[in-house]
Amino acid sequence: MDLFTNNATTDNLLPYDGEVIYHGILLDTNEADHFFNALMQKIDWYHDKSVIYGKEITTKRKVAWYGSKDFSYTYSGFTRIATPWIEELLALKQLIELYTDSMYNSCLLNLYHSGEEGMAWHSDGEKDLVNNGSIACLSLGAQRRFDFKHKQSAEKKQFDLPNGSLIEMKGETQKHWLHRIAPTKKVTEPRISLTFRQMKS
Ligand SMILES: O=C(O)CCC(=O)C(=O)O
Ligand SMILES: [Fe+2]
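Fair warning: this is a prediction, and the values are worked out from it, not measured in the lab. All residue numbers refer to position in the chain's written sequence, counted from 1. A letter from A marks each chain and a number from 1 marks each ligand, given out in the order of writing. At least 70 in pLDDT is required for a residue's local features to be given in this predicted model, at least 80 for side-chain atom pairs to be given and counted, and no such filter applies to totals for whole chains, interfaces and linings, which use all residues. Side-chain calculation: all heavy atoms of the structure are included, whereas hydrogens and water are not.

Overview of the sheet that holds strand E11 (residues 156-161)
Point 1. For two strands to be treated as a pair, DSSP must find at least two bridges joining them. Helix and strand definitions here come from DSSP, where helices need a minimum of 4 consecutive H or I residues and strands a minimum of 2 consecutive E residues; each element is numbered from the N-terminal end. Spatial ordering of the open sheet is given by E8-E13-E10-E11, a layout of four strands whose pairing is antiparallel. Single-partner strands in this sheet number two, and they are strand E8 (119-122) and E11. Averaged over all adjacent pairs, the angle separating strand axes in this sheet is 15 degrees, with direction ignored.
Point 2. Where strand E10 (residues 144-150) and E11 come together, six bridges link them in antiparallel fashion. Residue pairing in the sheet places Lys149 in a bridge with Lys156 of E11. Between N-to-C directions, angles cover 0 to 180 degrees, with each direction set by a line fitted to C-alpha atoms, over the stretch in contact for helices.

The following block contains the structure:
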């Protein structure tokens, strides 16, 4: 064991054109359960909307948008206004800032009720976000798989996201790679992801 390095991991999981860092499991099962239950109850969850081929659709997955001020975030054709932080989100934000050595002013939360719900291929490169900023994603509940696909080469990478774990995307990741949470029949339990973000302000 090297006693002179801290917990910070810097190993890049992507082969090129971006950085994805897995920071490991930050919360044990009890802590993760505690936050999962608190967030289930306290967050103002709503079904997300998007426009696909000109048609408005409502997702089965639920989302919520929180921040340090009333940031407007426009993605998938709709603008959302951030809700002020609650205690639990502030505590998790602080923890995640320690691990990633970055600061976040907002968080998009996702609630997947089961493996039947996922998120299609996309990248998070909206103009509202700091260019090449960091997005830190904390997972609570059921383990899901996180897929990456390079926009030009179509090379794929897959990572597991266990309960209580933190993964970070930064650098040119959003410019060159798509990511998704694939639907799966194998998972029947719910999962919450907290994606802490850096909005321009
Ligand atoms: O649920 C996840 O881990 C990923 C969510 C995601 O890609 C997003 O919110 O943009
Ligand atoms: Fe994303």
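Here's the deal with the environment of Ser139
Point 1. Relative to the helices and strands, Ser139 is located in strand E9 (residues 135-141).
Point 2. Between the alpha carbons of Ser139 and Ile86 there is a distance of 18 Å; along the sequence they are 53 residues apart.
Point 3. Pairs of N or O atoms are called polar contacts if they sit within 3.5 Å, as long as, within protein, a hydrogen donor faces a hydrogen acceptor (for residues adjacent in sequence, only side-chain-to-side-chain pairs). A distance of 2.9 Å separates a polar atom in the side chain of Ser139 from a polar atom in the side chain of Arg191.

Observations regarding the confidence of the model for the protein
Note that predicted coordinates carrying low pLDDT should not be read in detail.
Point 1. Here the protein averages 95 in pLDDT, while 96% of its residues score no lower than 70.
Point 2. Scored below 50 in pLDDT, residues 1-5 makes zero contacts in the model with residues more than four places away or belonging to other chains. Per residue, pLDDT measures the predictor's confidence, with a range of 0 to 100. Contacts are assigned to residue pairs with any non-hydrogen atoms lying within 4.5 Å of each other.

What about unusual backbone geometry?
Point 1. Within the chain, Asp17 stands out as a residue other than glycine whose phi angle is a positive 60 degrees.
Point 2. Locating Asp17 in the fold gives a position in the segment before strand E1 (19-25).
Point 3. Phi is positive for Tyr53, which is not a glycine, with a value near 50 degrees.
Point 4. When you line up the elements, Tyr53 lands in the loop between strand E2 (46-52) and strand E3 (55-67).

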